[in-house]
Amino acid sequence: MAVKISELLIREKKPAHGLLAFEWVAIGYLLITLVMMAIMWDKLVSPAEMLKGRAQFLLVTLACWAVYYLWPCRLMIFVRVLVQMAFLGWWYPDTYELNRALPNLDHVFAGWEQSLFGCQPSLLFSQKVPYGWFSELMCLGYVSYFPLMLITYLYYFFKRYQEFQMTAFVMLGSFFVYYIVFILLPVTGPQFYYLAVGTDQIAQGIFPNLGDWFLTHSERMAAPGWKDGFFYHLLDLTHDAGERPTAAFPSSHVGVTTVVMLLALRTHSKRLVLTILLFYVLMCLSTVYIYAHYVVDALAGFVTGAAVYFLLIRLYFHKN
């Protein structure tokens, strides 16, 4: 059922009551992390700030519900989704506040990478393809992460409104599944681990256990490629704004974009599918090219992304 612009502010005849499914997913994640905080309290660096952030999240979520209650319309449903999407930018670095209290596991994953490929593909990829145009394509692919989600949201909102809330539930739910894994599996990825160890050591296949190194260190390697490129600068700004030594395994960039790809396929829109597919391929390659992930992270992102998609789709329709 398509939505016209003129219909966005019309009061709904049967408005939704209470919080929506995708908001309950976010609150469920909040409760899970509160339990984790209680367990790790003595090891947390800034627990008071973490609690303050959660209180602000609840207030904003309830405020959005209150505005919708006063004027229930489709535009406010869309705003409620966008607000939860915006909070993902806060929830992501929050995973670092929790997982840095646990021992780092990069030496294990770098070792698996070496066993599978006989080298570190992330270290060699940019050296084998050192072209500026290719670097820009990789950076473009990586920074297309949130725009691809927004495009998918907009398509469902205007073309398949009856499934719009399902789309939000699946996409946001995917993020929170990955965030829980990131907390429990503290893997930083090549851009942090390689710098901490030294690329000369990495090239020789030496992967020391860094223990709690990332409890107090968050320096990362600069991404390879054409440093004067527009998309390279955009990538750099993105990393400076929110990147932390966390969230490497599995790659949520690959995993969530796999979810987006499957949501696009569900629409049977050739234009949407081809658009997402182009950036999906670039995304999968770019995660390794820019030192963000090991290849095993990207492979795991593909498998888990498909699994999480089908699990959440089934859960949503079972509950609704």
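All of these numbers come straight from a predicted model, not from anything done at the bench. (Residues numbered from 1 in each chain as written. Predicted model: local features only at pLDDT ≥ 70, side-chain atom pairs only at ≥ 80, totals over all residues. Heavy atoms only, no water.)

Enquirer: Would you take a moment to explain empty space enclosed by the protein for this structure?
Expert: If a probe as big as a water molecule is rolled over the atoms, it shows which places are left empty. One pass over the structure, following the stated rule, counts one cavity of 30 Å³ or more. Empty space within the largest cavity amounts to approximately 80 Å³. Every residue lining the largest cavity is counted, 14 residues in all, and those nearest its centre are Asn99, Arg100, Asn104, Pro186 and Phe214. By residue class, the composition of the lining of the largest cavity is seven nonpolar, five polar and two charged. (1 Å grid on protein atoms, 1.4 Å probe; cavity = no way out; pocket = protein on both sides within 12 Å on 5 of 7 lines; lining within 4 Å. Points joined across faces, edges and corners; volume = space filled by probe spheres on them. Nonpolar A, V, L, I, M, F, W, Y, C, P; charged D, E, K, R; others polar.)

Enquirer: I keep staring at the layout of surface pockets and nothing clicks. Help me out?
Expert: Of the voids in this model, the largest pocket is the one considered here, and its volume is about 510 Å³. Residue lining of the largest pocket: 27 residues in total, with Tyr92, Tyr145, Phe146, Thr238 and His253 positioned closest to the centre. Looking at the lining of the largest pocket, the elements that each hand over two or more residues are α3 (74–99), α6 (132–143), α7 (145–159), α8 (164–184), α11 (230–242) and α12 (252–267). Within the lining of the largest pocket, the residues separate by chemical class into 16 nonpolar, 10 polar and one charged. (Helix = DSSP H or I, 4+ residues; strand = E, 2+ residues; numbered from the N terminus.)

Enquirer: Can you help me understand the packing of aromatic side chains in this one?
Expert: Any pair of aromatic rings gets described here by the distance separating the centres and the angle formed by the planes. Following the criterion strictly, the structure yields 36 aromatic pairs and no others. Arranged with centres 4.6 Å apart and planes meeting at 45°, the rings of Phe109 and Phe249 form a pair that is tilted. Of the two residues, Phe109 is situated in helix α4 (residues 106–117) and Phe249 in the loop between α11 and α12; the sequence distance between them amounts to 140 residues. On the basis of relative accessible area, Phe109 is assigned to the buried category, the value being 4%. When the ring centre of Trp71 is taken as origin, the NZ or CZ atom of Arg11, which lies over that ring, is 4.8 Å away. For Arg80, the ring lying beneath its charged end belongs to Tyr68, and the centroid distance is 4.9 Å. (Phe/Tyr/Trp six-rings, centres within 6.5 Å; stacked < 30°, edge-to-face > 60°. Buried < 20%, exposed > 50% of the residue type's maximum accessible area, 1.4 Å probe, protein only. Lys NZ or Arg CZ within 6 Å of the ring centre and 35° of its normal.)

Enquirer: Is there a simple way to think about the state of the cysteines in this case?
Expert: A covalent bond between the sulfur atoms of two cysteines is what we call a disulfide. For the structure on display, the rule yields zero disulfides. Take Cys119: it sits in no disulfide, and the sulfur closest to it among the cysteines is that of Cys284, at 19 Å. The thiol of Cys284 is unpaired, and the distance to the nearest cysteine sulfur, on Cys139, comes to 16 Å. Cys284 gets classed as partly exposed once you look at its relative accessible area, which sits at 24%. (Disulfide = S-S within 2.5 Å.)

Enquirer: Help me understand a nonpolar patch on the surface, please; the structure alone is not making it clear to me.
Expert: There is a patch of nonpolar side chains on the surface, built from Leu9, Tyr69, Leu70, Trp71 and Leu75 and spanning about 560 Å² of accessible area. With respect to the helices and strands, Leu75 occurs in helix α3. (Patch = residues over 30% accessible without salt bridge, like charges linked within 9 Å, V, L, I, M, F, W, Y side chains within 5 Å. Areas by Shrake-Rupley, 256 points an atom, 1.4 Å probe, with all protein chains shown as cover. Salt bridge = Lys/Arg side-chain N within 4 Å of Asp/Glu carboxyl O.)

Enquirer: How do you make sense of the pattern of salt bridges when you look at a structure like this?
Expert: For side chains of opposite charge, pairing can occur when their charged atoms come near one another. For the coordinates displayed, the defined rule picks out eight salt bridges. Among the salt bridges present, the one from Arg220 reaches Asp236, with a minimum N-O distance of 3.7 Å. Placement of Arg220 in the loop between α10 (199–203) and α11 and of Asp236 in helix α11 is noted, with a sequence separation of 16 residues between them. We classify Asp236 as partly exposed; its relative accessible area is 27%. Three or more residues are tied together by salt bridges with common partners; here these are Arg160, Glu163 and Arg266.

Enquirer: What should I look at first to understand the side chain of Ser252 in this one?
Expert: Along the polypeptide, Ser252 turns up in helix α12. The exposure class of Ser252 is buried, given its relative accessible area of 6%. If near-sequence neighbours (up to four positions away) are discounted, Ser252 is found in contact with Tyr145, Tyr178, Phe182 and Thr257. (Contact = heavy atoms within 4.5 Å.)

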